[in-house]
Number of protein chains: 2
Amino acid sequence: MPEISRLGIKMPESPIRKLAPLANEAKARGIKVYHLNIGQPDIPTPEVGLEALRRIDQKVLSYCPSDGLPSLRQKMAEYYGRFAIEVTPDEIFITTGASEALTLVFLACLDPGDEILIPEPAYANYMSMAMSCGAVVKTVLSSIDNGFALPPIEAFEEAITPRTKAVLLCNPNNPTGYVYTREELEHIRDLVRRHDLFLFSDEVYREFRYTDAPYVSSFHLEGIEPNVVMFDSMSKRYSECGIRVGAIVTRNARVRKSVMKWAQARLSPPLLGQIVAEASIDAPESYLKGVYEEYIQRRDFLVKRINEIPGCYSPLPMGAFYTVAKLPVDDADKFCAWCLRDFSYEGQTVMMAPASGFYVTPGYGRNEVRIAYVLERDELARALDVLEAALTTYRDRWNKR
Amino acid sequence: MPEISRLGIKMPESPIRKLAPLANEAKARGIKVYHLNIGQPDIPTPEVGLEALRRIDQKVLSYCPSDGLPSLRQKMAEYYGRFAIEVTPDEIFITTGASEALTLVFLACLDPGDEILIPEPAYANYMSMAMSCGAVVKTVLSSIDNGFALPPIEAFEEAITPRTKAVLLCNPNNPTGYVYTREELEHIRDLVRRHDLFLFSDEVYREFRYTDAPYVSSFHLEGIEPNVVMFDSMSKRYSECGIRVGAIVTRNARVRKSVMKWAQARLSPPLLGQIVAEASIDAPESYLKGVYEEYIQRRDFLVKRINEIPGCYSPLPMGAFYTVAKLPVDDADKFCAWCLRDFSYEGQTVMMAPASGFYVTPGYGRNEVRIAYVLERDELARALDVLEAALTTYRDRWNKR
């Protein structure tokens, strides 16, 4: 039997999804599992998006252009205008979710051995996508103690080598919920300019910012326009993760041309998702406002509740719908698996994403978990009660040994 | 400005889509362009598939499992049963079109430098997908003179090196329309067994076979069960290329496990497409029968008509909906571009895919084009009239110089 690839062996499993078999087994035993592990909002998709689906009258569900439906690209350009991100439809390239946007941009811009600098913890799939094209992720450590603020720019400088090709920021940040300040972003801009790097900017959580600070996109940073490549997705803001529609936005025509070659090989992004996405942009203002208010309440509740549990700590995330919290355990990987396999409280348990998978440096984040606050308040409250009970049981069991 | 990747520079443009800007310009000049370049059928999507869309009543269009909806995988297992391909739902992995199936399997099975043996001409995107993970495509030449039959197995033997990891066959073949015989496939099976290779088998055109020979799938070849990885797609058989739903089918659990790691990084295949796909499998028998009859008529017409044009030759393809035809031109790339840029006949022109892009060996197939017969009979007839006129004009212009 021929062997699978060495990369396939080396590749880590997704920290977000690898515990899914244990969760399924728990469910099969009749246990209710609260999903704090995955960024799948429970918020309804905008009605205009669903209505567009029902109204589809095409007789043939055919391929669309490799860079997406022109009408969607037009609509997205208008959407970006709301944030003073001035781009033309030509500068927007539709992809199969932000996941594919990352893959296509990495292929278009990075050769095997090229390095990307990322503050860690970071969205785990950046590392997977980089591995798939042979690029190397180098990290600069951020810390829970200052809420995962941008590490000093000197730490980035030290990590730069002749193979460094790009800096990747997720802003607002997944998994930490941190929102970078203008000052921090200007440090990054100067770094990018000094070393002529790409700035890959994942801005899928743009709508989820809970501070009064003015919004700063990578597109607002002056003097590095051709260096900026932004990733976007409809999934989170319109609660439609399943439609698989994202985008690459860049003023750099050479990058777009290179992306197009790889994109043509996969023919076309999903037609139906694009129809839903286009309609969703017309959701009434009240929709995104309602979503915003819901999340800010959940965040406030979640963080307060975590910090009430003895030995737990979460900073106050300023954006997205995640927090990275410290738990009073030695090994969050083991604890998260234990919650699913060996624990239940009144027939319930919790599924969390161990933070180790969001760190590249081995051993970091071992007592941290990522918690997504994508459940409604009452569910979240019950989930946190279950977490507290789990921690108590786990500690007692441990102490008896 | 940072440089794009060397791979992005080296990567060829899709032979199927690279002339699209010229086609768009022609259309902007008011010229009707007959699309013989792309495998986008004009056949309506099954009504049951469209109806399933209209009936979607989910409030949240959420992620689905990384390997696809269990109900679709169950349905597909039943579908394969019609062809005596006995697989369980667990052995079916849903992907974003067959394109993604290729990418995931290449990542799961091949390391940079590993070689895949493919008869050429071959579907151009195999080469792109291989490049994206650093694998190397080695080709064995098939010939228009025997209708692109499988080259002698000795030619495969000669091409094998210590890095050869897989043989890739497309059956029925895109671009040639050839359907491999049981004898040919058994030669491949013996080769695969002798050298312990993967057999990657692209069977997306399974429904489009116009011979009386019994159907032979890679799953019917005995003794190489764990070596076989089949690619499939809903796009062609149900005329729903835009839904982006394909599959990897393999009994090899290690391959599936490796595929899962890469698939988790992209989270989920498209939800809406899967709903349409699942419903489409229930299309009445008359649907696929009607499609079949339509294509066989088109094929017969197309091939007869091509062979009536002086200097043109097409073998009779036994499957799929393409043929590779020889034209009386020196350079089909130039001729195809010329048709779009410089020619029109009664306000019409044709777009074809130059066959050079389907060959890996430079210089091969220079006077060949791939023609897709995805237009209805009358359109096809007009397109061929236009092609004949184009060839006459081109020859006259050439001779005058």
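All residue numbers refer to positions counted from 1 along the written sequence of the respective chain. Written order determines the labels here, with chains lettered from A and ligands numbered from 1. This being a predicted model, a pLDDT of at least 70 is required before a residue's local features are given, and a value of 80 or more before pairs of side-chain atoms are given or counted; all residues contribute to the totals for chains, interfaces and linings. Only hydrogens and water are removed before side-chain values are computed, so all heavy atoms of the structure are retained for them.

Looking at an unreviewed UniProt entry, one finds chain A named Aspartate aminotransferase, with Tannerella sp. oral taxon BU063 isolate Cell 6/7/9 as its source organism. The UniProt entry for chain A carries the following comment under Sequence similarities (unreviewed entry): "Belongs to the class-I pyridoxal-phosphate-dependent aminotransferase family." UniProt positions are given in the numbering used here, feature names are shortened, and annotations may be inferred rather than shown by experiment.

S.K.: Is there a simple way to think about the interface of chain B and chain A in this case?
M.R.: Where interface size is given, it is often the accessible area lost as the parts come together that is meant. In what follows, a contact means two residues having at least one pair of non-hydrogen atoms within 4.5 Å. Listed per partner, the contact involves 80 residues of chain B and 80 residues of chain A. Once two parts are brought into contact, the accessible area they lose, counted with a 1.4 Å probe and summed over both, makes up the buried area. Between chain B and chain A, the buried area comes to about 6700 Å², and carbon and sulfur atoms account for 58% of it. Contact with chain A buries surface across chain B, with R17, Y63 and K261 of chain B losing the most and accounting together for 11% of the total. In what follows, salt bridge is the name for a side-chain nitrogen of Lys or Arg lying within 4 Å of a carboxyl oxygen of Asp or Glu. Note that E3 of chain B and R254 of chain A form a salt bridge whose closest N and O atoms lie 2.6 Å from each other. Two N or O atoms count as a polar contact when they lie within 3.5 Å, although within protein this holds only if one can serve as hydrogen donor and the other as acceptor, and sequence-adjacent residues are included solely when both atoms are side-chain atoms. Linking chain B to chain A there are 38 residue pairs in polar contact (both at pLDDT 80 or more).

S.K.: Where do I start with the nonpolar core in this structure?
M.R.: Proteins that are soluble and globular tend to have nonpolar side chains buried together. Among buried residues, the Ala, Val, Leu, Ile, Met, Phe, Trp, Tyr and Cys ones that are joined through side-chain atoms within 4.5 Å form a nonpolar core. Only protein chains enter the area calculation, which uses a 1.4 Å probe; residues under 20% of their type maximum are buried, those over 50% are exposed, and those in between are partly exposed. The biggest cluster of nonpolar side chains holds 233 residues, and the ones touching the most others in it are Y80, F335 and M352 of chain A together with Y80, F335 and M352 of chain B. Filtering out sequence-adjacent residues up to four positions away, F335 of chain A remains in contact with L327, V329, M352, L387, A390, L391 and Y394 of chain A. Grouped together as the second largest cluster of nonpolar side chains are 92 residues, L110, M131 and V259 of chain A together with A122 of chain B included.

S.K.: Quick question: what am I supposed to make of the domain arrangement of chain A here?
M.R.: Residue and element names in this part refer to chain A. Throughout the structure description, domain borders are defined by an automatic or database domain assignment. Along its sequence, chain A is organised into domain 1 (6-44 + 286-395) and domain 2 (47-280). Here domain 1 and domain 2 have C-alpha centroids that lie 25 Å from each other. Every contact between the two is made by 39 residues of domain 1 and, on the other side, 35 residues of domain 2. For the pair domain 1 and domain 2, the summed buried surface comes to about 3200 Å²; carbon and sulfur atoms form 67% of the total. When the buried area of domain 1 at its contact with domain 2 is split by residue, L288, M318 and F358 rank highest and sum to 20% of it. Joining domain 1 to domain 2, the criterion identifies 1 salt bridge. Between D145 and K326 there is a salt bridge; the shortest N-O distance is 4.0 Å. For the interface between domain 1 and domain 2, the tally reads 12 residue pairs in polar contact (both at pLDDT 80 or more). Elements that contribute at least two residues to the side of domain 1 that touches domain 2 include exactly helix 1 (6-10), helix 11 (285-308), strand 9 (322-326) and strand 12 (368-372). A run of H or I in DSSP counts as a helix once it spans at least four residues, and a run of E counts as a strand once it spans at least two, with each numbered from the N terminus. In terms of residue count, helix 11 provides more of the side of domain 1 that touches domain 2 than any other element does, 7 residues in total.

S.K.: Help me understand the relation of the copies chain B and chain A, please; the structure alone is not making it clear to me.
M.R.: For these two chain copies, the linking operation is a rotation about an axis paired with a shift along it. By a simple turn and slide, chain B fits onto chain A: the slide is 0.0 Å along the axis, the RMSD is 0.0 Å, and the turn is 180 degrees. Here the symmetry operator amounts to a two-fold rotation axis. Every residue of chain B has its C-alpha some distance from the rotation axis, and the shortest such distance is that of R54 of chain B, at 2.1 Å. The copies were overlaid with a least-squares fit restricted to C-alpha atoms from residues scoring a pLDDT of at least 70 in each copy.

S.K.: Would you take a moment to explain the pattern of salt bridges for this structure?
M.R.: As a working rule, side chains carrying opposite charge can pair if their charged atoms are close by. Overall, the coordinates contain 64 salt bridges over all chains when judged by the stated rule. Across the salt bridge formed by K304 of chain A and E308 of chain A, the nearest N and O atoms sit 3.3 Å from each other. Highlighted residues: K304 of chain A and E308 of chain A, both in helix 11, separated by 4 residues, approximately one helical turn. Between R298 of chain B and D42 of chain B there is a salt bridge; the shortest N-O distance is 2.9 Å. In this pair, R298 of chain B sits in helix 11 (residues 285-308) while D42 of chain B sits in the loop between strand 1 (32-35) and helix 3 (47-54), placing the two residues 256 residues apart along the sequence. Owing to a relative accessible area of 2%, R298 of chain B belongs among the buried residues under this scheme.

S.K.: Help me understand the packing of helix 5 (residues 97-109) of chain A against helix 6 (residues 124-132) of chain A in this model?
M.R.: Residues and elements named next belong to chain A. Axes here refer to lines fitted to C-alpha atoms; in helices the fit is confined to the stretch in contact. Angles between the N-to-C directions go from 0 to 180 degrees. Interhelical geometry of helix 5 versus helix 6 gives an angle of 40 degrees and a closest axis separation of 9 Å. When you trace helix 5 past helix 6, the crossing you get is right-handed. Of the residues in helix 6, those touching helix 5 at S99, L102, T103 and F106 are Y126, M129 and A130. Taken together, the residues of the contact of helix 5 with helix 6 sort by class into 5 nonpolar, 2 polar and no charged. The sense of a crossing depends on the near helix, which, turned anticlockwise from the far helix by less than a right angle, makes the crossing left-handed and, turned clockwise, makes it right-handed. Gly is put with the polar residues, along with every residue not named as nonpolar or charged; the nonpolar set is Ala, Val, Leu, Ile, Met, Phe, Trp, Tyr, Cys and Pro, and the charged set is Asp, Glu, Lys and Arg.

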